[in-house]
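Each chain is listed here by its residues.
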Amino acid sequence: MKGFQSIIFGYVLTSSFLMGPCALLAISAQSGDTLPDNFIGFDSVPDKVADGSVVRVRYQCFRPCHLAVEVVVSTLRKTDLVVFRRKWISSAPRVYRIQQVLLRLPPSISHHPKFFSSNMLDTQNVTVRAWLDYIKKGSEISTYHSSMLKIYKVLQVMPVSQRMSEPPTGCPSWSAQLIRQMTTDRIHQCPHETDVIDMLKFPMASTGEHFGVVRRFQPFISGALERARVHAVTQPSVTLSVWIYLLKRCQSKRCGIIHHVSRKNLYDSILLQLSDTGEIIIQAHMTTGEDEAFQATIVLPLWKWIRLDCYILDSKVVLDATWDEETSRFVYKFQNSIYFDDTDGYFVIGGGKYMPGIYGYFGPINYYRFGTEEVKNQLHPESILRGLEGAHKECREIRTFTKAFLQEVTKTHLLSTTNQAVCTPDFLRLWDQFGKKEKTCTQAWTWETHLKHNTFFHFLLRKQDEIRAGSLGIKHLRTSLFDLAVGTMFPVVEGQRKITNKSIALLEVSSCFGNHRASLFLATTHLSGLGHSVSQEQGHVYSLIGALADERFALMHAAYKHTQGTDGFPKDLNMAYGYYSNAGAQTNIDTSRGHGNKYTPEYIYLSNEEDLYSLMHETSDVFQYLKFQAERGDIESQKRLGTMLYWGQNGISKDLVSAVKWFERSAMQMKDPSATYDYSILLMKGQGVKRNYTRGFQLLKKAAAMGSINALNGLGWFHGIVLNDHKNAVKYFEQAALNGSDDGMFNLGIYHLNGKNPEKPWRNESAAFQQFLSASRLGHVAASVEAAWYLSTGGLEGVSQDVERAVIMLKKVCEQNGHLGFIIREALQAYLQGSWREAFVKYVLAAETGLGLAQSNAAHLCEELNLSNDCQWRYLNYSILNSDPHPFSLLKMGDYYFNYFSSSTQEDSLSMAEQAISMYSRAALAGNPQGMFSLAVLAKQGHIFPPSVLGLFEASRRDEPDSVVEKILKRCVQAEDEEAITPCSLALLGLQTGKALRRMTQNRAQLFLAYASLLSILVIVITVPLHSCLEHRYSAFSQRRRTSSVSHQGVDSNRERGGIVGRAYRAAENSWLTMNGEQWLRQTSDLAVTLSGVCLCAFWTALLYHLL
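This structure is a prediction, so every number in the text was calculated from the model and none was measured.

A.B. asks: Sorry if this is basic, but what is going on with the overall build of the protein here?
C.D. replies: From N to C terminus, the protein includes 39 helices and 24 strands. Scored against the burial criterion, the 1108 residues of the protein give a buried share of 47%. Across the protein, contacts joining residues at least 24 apart in sequence account for 64% of those joining residues at least 6 apart. Surface accessibility of the protein: about 56,600 Å² in total, with carbon and sulfur atoms responsible for 53%.

Here it is, written out as structure tokens:
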């Protein structure tokens, strides 16, 4: 037994001596400068693609290994196309070597082709890469992607024009020689230019106001054409062909069809106008400098498509007006020649700043800069234009029918479907002729009309009591019909959600009665196929009908479609500006008018629980606490409470009287300049309190003295408007503008524009524009509208035309519209109350205006209501087109592209991956951790990111994939909550642990320590249960010994050993010997566990060293 114990003791002692140095060696192994056992790197590599260049590779293998150098090319159609590969085997383990490889590249990527070649690669990037892998058993072949170590470098691809000529290797084909001969001596010419310009290709709605489409014409590129144009300035020969559809006569004496404004802001040739009686007026600028005009004796009809062809020949004007396939001609000759320079200034279709437009539609407009004898301008697209004509005709019929119905109900008894008010059908009338003489039907509508509008007719029958009581008139029908249509929308039919024909019919009638949100929803339904079949023509019809009615949302919808060029609308920024300028002007008016059904849009995203939790109501704990703090006199709480009640923010309803009370209490403390300013403005405007200029002026002065910049602007307004003291007004406006007040900048711009500054009493548009532009950058609504006009026309000296900037500026203005904020608020309330269908309709109406918030929420409800995937992806796609999309939309689209890429085997799968990277990177740029985590996953899978994405995380293409992943995850952890355990923190820990383990296994001492640690775990797993078992046996034996000693006390010890008592003592002695052995085993196991723990501690110490 003692010998066995000695053996065990010696084994343990030897193990401890072995493990101790191992642990110390493992910890200190990394402090040396020795290379790892497996290593590969570039010693030298070229920067550019060049045939014959040399690559030097440094490497070292722990055991015999394969090595290779490859050159891969990516084209528009293929990736990882290997064009060069050199392999070799290193059989000497742990020997540092350098291998030199000569690159032989195909001429298609390294040389300029001498002839046209069908084998030429459209190279996008070229990568040289090297890899190392152990020699594997069997037939398994090593590749770059399956290798143990790999490196790469992206080479610069030279443009084709800068490459060396391809060395001749053989005769070119006959076709290549022919093409070369045809192009060798070719004289390069300017691109084809035409004098025929489509000024308008898509229908445009003209509201009869000062809004239209601006067109500018540039000189010809061709010198011959430009000389001919300049020569014709004083002897013009031009033709203009315009299609129009009139719905009303001009509300003023004249309204514009097309007019020309010169760079001096004067009317130029030619002005095509319409009088309030329907006659055409043409005005022209003469070569003598005078303006002359004439009125044609042609009266244009309403509700018909009319083509006006205007021929200008020197001093002669010929006007042809065609409708119903009949043409009327009018000829007029001026005494002098017409001066016509179409490059001077700009042309306006419809209304402009100086002239209102017609009320109706514009069809296609063609302009012949050198004139023509035959105009070829067909009514196109005819389906849309005829659809507009048919829709207005049907609306006139419905209004006539409704008016007659209401008269019959109010003056007679209740109607029925067989009442005399409905004329007898034709077949019954013919049957009646056999029995008696036919009676003439004198009622207001026919049986055919009744059947055609059956849904609406039955609606009127159900509302007869309300009609007779006078509570339901024509003005109330628009709202009632719309609400009913929304209420009956999306019933479940055969497992799918579709909009019923009944809802469509009610929406069409509601549109006829002037509810043009119904028009917008009809347009959306037809364009998107939302519960209905897609019909772009019908969608365009109702889009134009809504825009014509001057409805804010419909105008923004049309502008947004032309901005993006979606749903069949051509991308035309000038048309987009025309619609946005109208909606922007209405937004400016709404802002100045203050309260009503108008709210500032609140950005509450339904997919973000934090946004929903931020909402409150009058009985919520947060609101009551805020009110409690305000009652105690806390100024910030009083201001916050007053602002919430004034604007209706955070789910709180507007309460102007209560808001004024809190504004007053905060202002009267005379501690906060902004509070004092807010209350002074309310006093001057008389909002929620009786107007009091005197007290308001006193508070303004006190607020300005306390440092309020807005109060300086208020003092300028008071001096200019109330006191008519323009000198002091300008002084205060200048002070406010210099301190960053957007109102001060705008008001100062107005003074520059109207020339009322006493010190500078002249009009200065350039100075005004600069002030408007500065204020627009701070979000000022009126200043943005004014600055956008100058940018859209480019008519101000020193200001070039920038329609895109004007459109972006006005879109931001329109998204501040109070009516848009009101419908967003209604949609949110409906969602919180569980009326998701109503919320969806209202979010869709707002989404069609281009508001990213509404588009994200509409997409969310498409998913919640189980509508089609097209519905969800439609609004997600729209939302990511905005300048600042919500990360939710970007992540959704990124997931869509990634899932498509993962499951697709088509050629465009690579582009899907690039789209996913683009979406995730945009979300990451916005600070979204989930976007960063998704990028890390893609990088881990081996996707190569563009430099712009890598730059976000201070990475480059020279970094290893794991290094890129680590940098992305570190940035993600910084963006997340540092105190929480997040996916990014766990992924980063796993990545760093894996790297540490790989570094440890590259050293033999550390590898031995790792194996010893695994053995230690096995020892612990075995010895712990054994130790527990032995402990239990020892406790039981101790208990039996105590019991045996008590029961045999007093017995004669000299009694015969062979008796019962003797046998008991012998058994106890044998048990004692056994327990001694078990006790020794238990001590040995304790020692083994201790040594295993020491080994594990050494292992984890080494691992932590590598981690840190």
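From this point on, the discussion continues.
A.B. asks: Just to check I follow, could you spell out the state of the cysteines for this structure?
C.D. replies: Covalent bonding between the sulfur atoms of two cysteines is what defines a disulfide. Tallied over the full model, the rule gives 5 disulfides. Each sulfur in the disulfide pair Cys250 and Cys255 lies 1.8 Å from the other. There is no split in this pair, since Cys250 and Cys255 are both buried. Two residues share a disulfide in this structure: Cys862 and Cys871, whose sulfurs sit 1.8 Å from each other.

A.B. asks: Help me understand the nonpolar core in this model?
C.D. replies: General note: in soluble globular proteins, nonpolar side chains tend to be found buried as a group. Counting residues in hydrophobic clusters, the biggest one holds 207 residues, and the most contacted among them are Ile257 and Leu300. Ranked by residues supplied to this core, first place goes to helix H5 (residues 382–411) with 10 residues. Filtering out sequence-adjacent residues up to four positions away, Leu300 remains in contact with Ile244, Leu246, Arg249, Leu274, Gly278, Ile280, Ile306, Leu308, Ala321 and Trp323. Formed by 26 residues, the second largest nonpolar core is a distinct cluster that contains Phe42, Val55, Tyr59 and Cys65.

A.B. asks: How should the packing of aromatic side chains be read in this particular structure?
C.D. replies: Both the distance between ring centres and the angle between the ring planes are used here to describe each pair of aromatic rings. If you walk through the whole model with that rule in mind, you get 33 aromatic pairs. Look at Phe401 and Phe456: their rings are 6.0 Å apart centre to centre, the planes differ by 70°, and that puts the pair in the edge-to-face class. Here the residue Phe401 occupies a position in helix H5, and Phe456 occupies one in helix H8 (residues 454–462), the gap between them amounting to 55 residues. Owing to a relative accessible area of 1%, Phe401 belongs among the buried residues under this scheme.

A.B. asks: Looking at this model, I keep getting lost on the side chain of Ser262. Mind explaining?
C.D. replies: Mapped onto the elements of the fold, Ser262 is located in the loop between strand E14 (254–261) and strand E15 (267–275). If we skip the residues at most four places from it in the chain, Ser262 touches Asp268, Asp344 and Gly345.

A.B. asks: What am I meant to see in unusual backbone geometry here?
C.D. replies: Phi is mostly negative for residues that are not glycine, and the peptide bonds are mostly trans. A cis geometry characterises the amide bond from Ser269 onward to Ile270, with omega recorded as 10°. Relative to the helices and strands, Ile270 is located in strand E15. The omega angle of the peptide bond from His380 to Pro381 is -5°, so this bond is cis rather than trans. As for its placement among the helices and strands, Pro381 is situated in the loop between strand E22 (359–368) and H5. The phi torsion at Asp550 lies on the positive side, around 70°, for a residue other than glycine. Inspection of the secondary structure puts Asp550 in the loop between helix H13 (536–548) and helix H14 (552–564).

A.B. asks: Looking at this structure, how should I read the side chain of Thr566?
C.D. replies: Residue position: Thr566 is located in the loop between H14 and helix H15 (573–593). With residues up to four places along the chain from it excluded, the contact list for Thr566 reads Lys561 and Tyr878.

A.B. asks: Looking at this structure, how should I read the packing of helix H12 (residues 516–528) against H13?
C.D. replies: A pair of packed helices is characterised by two quantities: the angle between their axes and the separation of those axes. Look at H12 against H13: their axes get within 7 Å of each other, and the N-to-C directions meet at 160°. In this view, H12 runs roughly antiparallel relative to H13, as classed from their interaxial angle. In this structure, the crossing between H12 and H13 has a hand that is left-handed. Only Gln536, Gln538, Gly539, His540, Tyr542, Ser543, Ile545 and Gly546 of H13 make contact with H12, whose side of the interface consists of His516, Ser519, Leu522, Ala523, His526 and Leu527. Of the residues belonging to the contact of H12 with H13, the class tally is 5 nonpolar, 9 polar and no charged.

A.B. asks: For this particular structure, what's the right way to read the sheet that holds strand E12 (residues 212–215)?
C.D. replies: Hydrogen bonds between backbone atoms are what pair the strands of a sheet, whose relative direction is either parallel or antiparallel. A sheet is described by the order of its strands in space; here 6 strands give the open sequence E12-E21-E14-E15-E16-E17, paired in antiparallel fashion. Single-partner strands in this sheet number two, and they are E12 and strand E17 (291–299). Here the strands of the sheet are splayed against their neighbours by 15° on average, with no regard to which way each runs. In the sheet, E14 pairs with E15 via 6 bridges, with the strands oriented antiparallel. Directly across from Ile258, in E15, lies its bridge partner Leu272.

A.B. asks: Please explain the sheet that holds strand E5 (residues 97–102) as it appears in this structure.
C.D. replies: The strand order across the open sheet formed by 3 strands is E1-E2-E5, and the pairing between neighbours is antiparallel. Each edge of the open sheet is held by one strand with a lone partner, namely strand E1 (39–44) and E5. Neighbour to neighbour, the strand axes of the sheet diverge by 30° on average, direction disregarded. Looking at chain direction, E1 and strand E2 (residues 54–60) are connected through 5 bridges and run antiparallel. If you follow Gly41 over to E2, its bridge partner there is Arg58.

A.B. asks: Teacher, can you tell me more about the confidence of the model for the protein here?
C.D. replies: The predicted coordinates ought not to be read in detail in places where the model reports low pLDDT. Residues with a pLDDT of 70 or more make up 76% of the protein, whose mean pLDDT is 80. This model gives residues 414–442 a pLDDT under 50, and the stretch forms 35 contacts once residues within four places in sequence are excluded. Taken as a whole, residues 1046–1065 scores under 50 in pLDDT and shows 8 contacts with residues more than four places along the chain or in a different chain.

A.B. asks: How should I be thinking about the pairing of E14 in this particular structure?
C.D. replies: Put simply, side chains in a regular strand alternate between the two faces of the sheet. Along E14, 7 of the 8 residues are buried, which leaves the element largely enclosed by surrounding structure. Taking the residues that link successive antiparallel strands as the turn, the E14-E15 hairpin has 5 residues, and the phi of Asn265 there is positive, at about 60°. Both E14 and strand E21 (residues 346–350) contribute to a ladder of 4 bridges, which runs antiparallel. Residue pairing across strands places His259 opposite Val348, the latter belonging to E21.

A.B. asks: Would you explain helix H34 (residues 929–940) in this entry?
C.D. replies: Because each turn of an α-helix spans 3.6 residues, side chains separated by three or four positions end up pointing in the same direction. A rise of 1.5 Å per residue sets the reference length of H34, with its 12 residues, at 16 Å; its end C-alpha atoms lie 16 Å apart and thus fit the reference within 8%. Listed as buried for H34 are Gly931, Met932, Ser934, Leu935, Ala936, Leu938 and Ala939. A positive backbone phi angle near 100° is found at Gly942, which sits one or two residues after H34.

A.B. asks: Explain the environment of Ser921 here, please?
C.D. replies: Within the fold, Ser921 resides in helix H33 (residues 909–925). Other than its neighbours up to four places away in sequence, Ser921 contacts Leu935, Val949 and Leu952.

A.B. asks: What's the story with the environment of Val242 in this structure? I'm lost.
C.D. replies: Structurally, Val242 can be placed in strand E13 (residues 237–246). Among the residues examined, Val242 registers a relative accessible area of 0% and is labelled buried. With 42 residues separating them in the primary sequence, Val242 and Leu200 have C-alpha atoms 9.0 Å apart. Once residues within four sequence positions are removed from consideration, Val242 is found in contact with Ile257, Ile258, Leu272, Ile306, Arg307, Leu308, Phe362, Pro364, Ile365 and Asn377.

A.B. asks: Help me understand the pattern of salt bridges, please; the structure alone is not making it clear to me.
C.D. replies: Close approach of charged atoms lets side chains of opposite charge pair. For the structure shown, the criterion picks out 35 salt bridges. Note that Lys153 is salt-bridged to Asp47, the shortest N-O span being 2.7 Å. Here Asp47 lies in the loop between E1 and E2 and Lys153 lies in strand E8 (residues 149–155), a separation of 106 residues in the sequence. The salt bridge involving Lys561 is made with Asp567; its shortest N-O contact spans 2.8 Å. For the pair Lys561 and Asp567, one class covers both residues: buried. The structure contains a network of salt bridges with shared partners spanning Glu226, Arg229, Asp341, Asp342 and Arg369.

What counts as what
- Residues numbered from 1 in each chain as written.
- Predicted model: local features only at pLDDT ≥ 70, side-chain atom pairs only at ≥ 80, totals over all residues.
- Heavy atoms only, no water.
- Helix = DSSP H or I, 4+ residues; strand = E, 2+ residues; numbered from the N terminus.
- Buried < 20%, exposed > 50% of the residue type's maximum accessible area, 1.4 Å probe, protein only.
- Contact = heavy atoms within 4.5 Å.
- Areas by Shrake-Rupley, 256 points an atom, 1.4 Å probe, with all protein chains shown as cover.
- Disulfide = S-S within 2.5 Å.
- Core = buried A, V, L, I, M, F, W, Y, C linked by side-chain atoms within 4.5 Å.
- Phe/Tyr/Trp six-rings, centres within 6.5 Å; stacked < 30°, edge-to-face > 60°.
- Axes fitted to C-alpha atoms, helices over the stretch in contact; angles between N-to-C directions.
- Parallel < 35°, antiparallel > 145°, perpendicular 65-115°, else oblique.
- Left-handed = near helix turned anticlockwise from the far one by under 90°.
- Nonpolar A, V, L, I, M, F, W, Y, C, P; charged D, E, K, R; others polar.
- Pairing = 2+ DSSP bridges.
- pLDDT = per-residue confidence, 0-100.
- Expected span 1.5 Å × (residues − 1).
- Salt bridge = Lys/Arg side-chain N within 4 Å of Asp/Glu carboxyl O.

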